[in-house]
Amino acid sequence: MAKKRTKKPKISYLTIDLREYVSRYVALSQADMYWKGDCPFEGCESDDTFMLSDHLHIWHCTSCKRNGDIVGFVAHKDVCSREEAYKKLLEELPISCK
Ligand SMILES: [Zn+2]
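Residues numbered from 1 in each chain as written. Predicted model: local features only at pLDDT ≥ 70, side-chain atom pairs only at ≥ 80, totals over all residues.

This part covers the sheet that holds strand 5 (residues 67-68). The strand order 1-2-3-4-5 describes an open sheet built from five strands, whose pairing is antiparallel. Looking at the sheet topology across the chains shown, the edges are occupied by strand 1 (29-31) and strand 5. Sheet analysis places strand 1 next to strand 2 (residues 34-37), joined by three bridges and oriented antiparallel. Directly across from Q30, in strand 2, lies its bridge partner W35. (Pairing = 2+ DSSP bridges. Helix = DSSP H or I, 4+ residues; strand = E, 2+ residues; numbered from the N terminus.)

Here's what the structure looks like:
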């Protein structure tokens, strides 16, 4: 018998490309295996301290020490909870991914 599962759309690097999304807010330039740019977060805004890894799908800032995944990026950018950030991302997804 099949188990009933609550259908919760999953946001991952499969549905949203982290670098594509972040580059809407940060001008990224390639540095070896990473991408870097100015930190977009309030109270930091340091030059070239924001690093992003394409293959690990994570980012971090060496100045303010914030780090995370794509949901974390939205949460820090919009200063909201991960739950809210998750919802915002869902709204931005193309219909075909929902
Ligand atoms: Zn920072």
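We now examine the environment of V74. Take V74: it is sitting in helix 2 (residues 70-77). Assessed through the 24 C-beta atoms surrounding it within 10 Å, V74 is described here as buried. For V74 and V22, which are 52 residues apart along the polypeptide, the C-alpha to C-alpha distance reads 9.0 Å. (Buried ≥ 20, exposed ≤ 12 C-beta atoms within 10 Å, placed from the backbone.)

Moving on: unusual backbone geometry. Excluding glycine, residues mostly carry a negative phi; peptide bonds, for their part, are mostly trans. A positive phi angle is found at D32, which is not glycine, with a value near 55°. Along the chain, D32 turns up in the loop between strand 1 and strand 2. A positive phi angle is found at H57, which is not glycine, with a value near 60°. Look at H57 and you get partly exposed, because 16 C-beta atoms sit within 10 Å.

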